[in-house]
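Breakdown of the fold
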Amino acid sequence: MQGNGFKIFSVLAFILLSGYYLFPTLQNNLYQNKLEELAGADSTEYLEANYEAIEDAKIKALNLGLDLQGGMHVMLEVGVDNLMRELATNRDETFTTALGAAQDRVEAGDNGNFVDIFYDELQNVDPEVRLSRYYRNVGETLSRRSENDEVLPVLREEANEAVIRAVSIIRQRVDRFGVSEPSIQKQGESRVAVELPGVDDPQRVRDLLRGTARLEFRLMADPQELQTSLEEIYNYYEEQTAQANANAASDTTQVADAGTADADTTETLDLGFGDAADPADTGSTDVAEAAVNPLQGLVRPGQGTIFAQVAESDTAMVRSLVMAQAVRSLLPQGIQLMYSADAVGETEQGFEVFNLLGVRSRAELTGDVLTDARIAFDPTTNAPGVSLSMNNEGAQKWSRITGANVGKQVAVVLDNIVYSDPVIRSKISGGQTRIDGVSRQEAQDIVTVLKSGALPAPVNIIEERTVGPSLGAKSIQAGTWSVIVGFLLVVVFMVFYYRTAGLIADVALLLNVVFIFGILAAFGATLTLPGIAGIVLTIGMAVDANVIIFDRIREEMSTGKTLKASIQGGYDKALSAILDANITTFLTGVILYSFGVGPIQGFAVTLMAGIVSSLFTAIVVTRLFFDYLVAEKRQSVAFG
């Protein structure tokens, strides 16, 4: 074994390092198995007694991907169209038409840059239009006289920066959410791919990712004006309903007189906002169930600044009714209707009931002035809330607003949902305020989104996949069996075909698998299902190198050389072919990792780790065995 000191040291070092990095994974599995064996109080007691050790092992253990431990994959799209609308200082009919056409093209599958699509549509509507008419205030270099060629690059840069800022803010939110090893990547022009392993509350994640975190403080509507508008809206729908019933009765009479079918009657009774009766069901052509006021039964009239109370199942319908063009004008000037975040009761069917509140359209103060947000508990009721701190500018404004509106209600609005609407009892100085009416989890999420900052534009979830923990466990089981079966088949073949040499190759193969997992754990890589496929592929490639070496040795032996000389010749002549094949495959792995995402990157990482490990075991480890047996022990080795 003279001259092999460095090789022996390298092999031992690899074994020790692999054991060191894989030990936490083994430890974590033992802890989890123990917790699964215990039940109830015993499990809780064991967890409390070993909490630090369990958490430490979990953190240091080999990371499992979304497909192995379960979790969520979400594809988000940043609303660049909304950004274009917000950046515009002037929105005329040409602008609105072009923006709508651009949105239609994107929805139809056009994946180009939205700014360019919008510009194309703007040119279609009015070829002489100048972008500076709408965007002269964007950036410092633009003015009313700027040419389109000057405005377009600025808009593209604004859109690109908005997507990059969105990625950064989403990453901060996810990090604060507490997900380990998330994957957040920008894809294409305006999309963001988010993978969150181990997440078991999809709705909470959706709310966390989609919220734009626009915090506003708004004064509430005048109670008298709000209640008057409710009566007017109710009366409007009463009149509409009466008119519809009169028309239906007239049509029904005509149909009865003609003795014809009732198809026309059915059409007339369909008001578009409620269930109309089908005369056919009554068995009569002249008796039809009257249409009813669509608001009747959907809302419970409120009082004060509460416009109405609405069941969760009816919120969308009520919103469409009160946002109708003819009805909107009946609301008090400068007033919007927003739902409360907290339910105020339940219907008999079990649906939660929310307040529909009247708030002023103009925000008195926004979240830009916040310097800190944290969870705080009410000292009297111990109810959770969010304590907010403002900078000097915000503190002065807040003091002025509260001082001028003592006795009135102010709404704390986050993403167009009213979280609290307290009455201002006195002037508030010092820049401190609070959001109440939230659970502890909601308070934590609000703190997360506020501290991460507001998104530059809304984001929409366009694709979502959830992998359950049980499916992940099945994937792990299937992946483990694929590795075992693949390994055993290779072991049997090598022993059958190459005899003693094949047995040595199998030992090297076993070490190869250990080294691969050791490399993945050492570099903090994530093992995915495609990654397991990469390991299975690597097992085959590892023995491929030994097959080349052994066949070369056979050729050398057939020329009459000694076994020792044949082994030397076999390794030397096979080396170039083995390196060529493995280097080109490694470069392929580099390309896959560079341009791929998620599972493809997982496959690439294990493939590259497997190639490095298999080269080492096939060339160094097996050579050590042959040198020991042939040169040191002077034993014969069968090559089949």
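Residues numbered from 1 in each chain as written. Predicted model: local features only at pLDDT ≥ 70, side-chain atom pairs only at ≥ 80, totals over all residues. Heavy atoms only, no water.

Overview of the overall build of the protein
Scanning the protein from N- to C-terminus turns up 21 helices and 18 strands. Relative to a compact globule of 640 residues, whose C-alpha radius of gyration would be 26 Å, the protein shows 35 Å and is clearly more extended. Seen through its C-alpha atoms, the protein measures out along the principal axes to roughly 110 × 70 × 65 Å. In the protein, buried positions account for 43% of the 640 residues. If you take every contact in the protein between residues at least 6 apart in sequence, the share linking residues at least 24 apart comes to 68%. Surface accessibility of the protein: about 33100 Å² in total, with carbon and sulfur atoms responsible for 53%. (Helix = DSSP H or I, 4+ residues; strand = E, 2+ residues; numbered from the N terminus. Rg over C-alpha atoms; globule rule 2.2 N^0.38 Å. Buried < 20%, exposed > 50% of the residue type's maximum accessible area, 1.4 Å probe, protein only. Contact = heavy atoms within 4.5 Å. Areas by Shrake-Rupley, 256 points an atom, 1.4 Å probe, with all protein chains shown as cover.)

Some details on the pattern of salt bridges
For the coordinates displayed, the defined rule picks out 18 salt bridges. For Asp 116, the salt bridge identified is with Arg 156, shortest N-O distance 2.9 Å. With Asp 116 in helix H7 (residues 114–125) and Arg 156 in helix H9 (residues 148–177), the pair connects residues that are 40 residues apart, well separated along the chain. Judged by relative accessible area, Asp 116 falls into the partly exposed class, the value being 26%. (Salt bridge = Lys/Arg side-chain N within 4 Å of Asp/Glu carboxyl O.)

Side note on the packing of helix H19 (residues 529–558) against helix H20 (residues 563–595)
Interaxial distance between H19 and H20 falls to 7 Å at its minimum, and their mutual angle equals 145 degrees. Relative to H20, H19 is oriented so that their crossing is right-handed. The segment H19 lies against H20, with Met 541, Ala 545, Ile 548, Ile 549, Arg 552, Ile 553, Glu 556 and Met 557 engaging Leu 563, Ser 566, Ile 567, Gly 569, Gly 570, Tyr 571, Lys 573, Ala 574, Ile 578, Asn 582 and Thr 585. Looking at side-chain class alone, the contact of H19 with H20 contains 11 nonpolar, five polar and three charged residues. (Axes fitted to C-alpha atoms, helices over the stretch in contact; angles between N-to-C directions. Left-handed = near helix turned anticlockwise from the far one by under 90°. Nonpolar A, V, L, I, M, F, W, Y, C, P; charged D, E, K, R; others polar.)

Comments concerning a negative patch on the surface
Negative charge collects at one region of the surface, where Glu 312, Asp 342, Glu 346, Glu 352 and Glu 442 lie side by side. For Asp 342, the location among the structural elements is in the loop between strand E8 (335–339) and strand E9 (345–346). For Asp 342, a relative accessible area of 41% gives the class partly exposed. (Patch = residues over 30% accessible without salt bridge, like charges linked within 9 Å, V, L, I, M, F, W, Y side chains within 5 Å. Lys, Arg positive; Asp, Glu negative; His and termini not counted. Charge placed at Lys NZ, Arg CZ, Asp CG, Glu CD.)

Regarding the sheet that holds strand E3 (residues 183–187)
Spatial ordering of the open sheet is given by E3-E4-E2-E17, a layout of four strands whose pairing is antiparallel. Single-partner strands in this sheet number two, and they are E3 and strand E17 (459–467). Sheet twist, expressed as the mean angle between neighbouring strand axes with direction ignored, is 15 degrees. Where strand E2 (residues 71–78) meets strand E4 (residues 191–197), seven bridges bridge the pair, whose relative direction is antiparallel. Residue pairing for E4: Met 75 is matched across the bridge by Ala 193. Against the sheet, helix H10 (residues 202–210) makes contact with E2, E4 and E17, and its axis sits at roughly 155 degrees relative to E17, the strand it touches most. (Pairing = 2+ DSSP bridges.)

Comments concerning the nonpolar core
Core analysis: the largest hydrophobic core is formed by 46 residues, its most contacted members being Met 84, Phe 118, Leu 131, Tyr 135 and Ile 170. Mapped onto this core, the elements with two or more residues apiece are E2, helix H5 (80–87), helix H6 (93–107), H7, helix H8 (132–135), H9, E4 and H10. Among the elements that line this core, the one with the most residues is H9, at 12 residues. Those residues in contact with Phe 118 that sit more than four places away from it in its chain are Phe 95, Ala 98, Leu 99, Ala 102, Leu 131 and Tyr 135. Residues Leu 520, Ala 521, Ile 549 and Ala 609 belong to the second largest nonpolar core, which totals 45 residues. (Core = buried A, V, L, I, M, F, W, Y, C linked by side-chain atoms within 4.5 Å.)

Side note on the packing of aromatic side chains
In the structure shown here, the tally under the stated rule is 15 aromatic pairs. With a centroid separation of 5.8 Å and 85 degrees between ring planes, the pair formed by Phe 550 and Phe 626 is classed as edge-to-face. In this pair, Phe 550 sits in helix H19 while Phe 626 sits in helix H21 (residues 599–632), placing the two residues 76 residues apart along the sequence. Taking the relative accessible area as the measure of exposure, Phe 550 reaches 0% and is therefore buried. For Arg 499, the ring lying beneath its charged end belongs to Phe 496, and the centroid distance is 6.0 Å. Taking NZ or CZ as reference, Arg 623 lies 5.0 Å from the ring centre of Tyr 571, over its face. (Phe/Tyr/Trp six-rings, centres within 6.5 Å; stacked < 30°, edge-to-face > 60°. Lys NZ or Arg CZ within 6 Å of the ring centre and 35° of its normal.)

What to know about the side chain of Glu 77
Relative to the elements of secondary structure, Glu 77 occurs in strand E2. A polar contact is formed between the side chain of Glu 77 and the side chain of Arg 191, at a distance of 3.5 Å. Residues contacting Glu 77, with those up to four places away along its chain left out, are Ser 190, Arg 191, Pro 458, Val 459, Asn 460 and Ile 462. (Polar contact = N/O pair within 3.5 Å; in protein donor to acceptor, adjacent residues only side chain to side chain.)

What about unusual backbone geometry?
At Arg 499, a residue that is not glycine, the phi angle is positive and equals roughly 55 degrees. Within the secondary structure layout, Arg 499 lies in helix H18 (residues 469–522). For Arg 499, a relative accessible area of 47% puts it in the partly exposed group.

Comments concerning the sheet that holds strand E14 (residues 410–414)
Spatially, the four strands line up as an open sheet ordered E11-E5-E14-E15, and their pairing is antiparallel. Edge positions in the open sheet fall to strand E11 (365–366) and strand E15 (417–420), since each of these has one partner strand only. Relative to E14, strand E5 (residues 215–219) runs antiparallel, the two sharing five bridges. By the bridge assignment, Arg 218 is partnered in E14 with Ala 411.

Brief notes about the pairing of E3
Relative to E4, E3 is paired through five bridges, and the arrangement is antiparallel. Counted as the bridge partner of Gln 185 is Ala 193 from E4. As consecutive antiparallel partners, E3 and E4 are separated by three residues, and within that stretch Gly 188 has a phi angle of approximately 65 degrees, a positive value.

Considering the side chain of Thr 305
In this structure, Thr 305 sits in the loop between strand E6 (299–301) and strand E7 (306–311). Leaving out residues up to four positions away in the same chain, Thr 305 has contacts with Met 220, Ala 221, Pro 223, Leu 226, Leu 356, Leu 357, Gly 358, Gln 409 and Asp 421.

Side note on the confidence of the model for the protein
Taken residue by residue, the protein gives an average pLDDT of 81. The fraction at 70 or more is 90%. Looking at the elements of the protein, mean pLDDT is at its lowest for helix H12 (residues 263–269), recorded as 38, and at its highest for strand E10 (residues 352–360), recorded as 91. (pLDDT = per-residue confidence, 0-100.)

Describing the packing of H6 against H7
Any two packed helices are characterised by the angle at which their axes cross and by the distance between the axes. Closest axis-to-axis distance for the H6/H7 pair is 8 Å, and the angle between their directions is 130 degrees. With respect to their mutual orientation, H6 and H7 come out oblique. The two elements H6 and H7 meet at a crossing, and its hand is right-handed. Contact residues: H6 offers Thr 94, Phe 95, Thr 97, Ala 98, Leu 99, Ala 101, Ala 102, Gln 103, Arg 105 and Val 106, while H7 offers Phe 114, Ile 117, Phe 118, Asp 120, Glu 121, Leu 122 and Val 125. Classifying every residue of the contact of H6 with H7 by side-chain character gives 11 nonpolar, three polar and three charged. (Parallel < 35°, antiparallel > 145°, perpendicular 65-115°, else oblique.)

Brief notes about H7
An ideal rise of 1.5 Å per residue puts 16 Å on 12 residues; H7 measures up with 16 Å between its terminal C-alpha atoms. Among all positions in H7, only Phe 114, Val 115, Ile 117, Phe 118, Tyr 119, Glu 121 and Leu 122 are buried. Near the N-terminus of H7, the side chain that reaches the backbone nitrogen of Val 115, with its oxygen 2.8 Å away, is that of Asn 113. (Expected span 1.5 Å × (residues − 1).)

Topic: H20
With 33 residues, H20 extends 47 Å between its outermost C-alpha atoms, agreeing within 8% with the 48 Å of an ideal straight helix rising 1.5 Å per residue. Those residues of H20 not exposed but buried are Leu 563, Ser 566, Ile 567, Gly 569, Gly 570, Tyr 571, Ala 574, Ile 578, Asn 582 and Gly 589.

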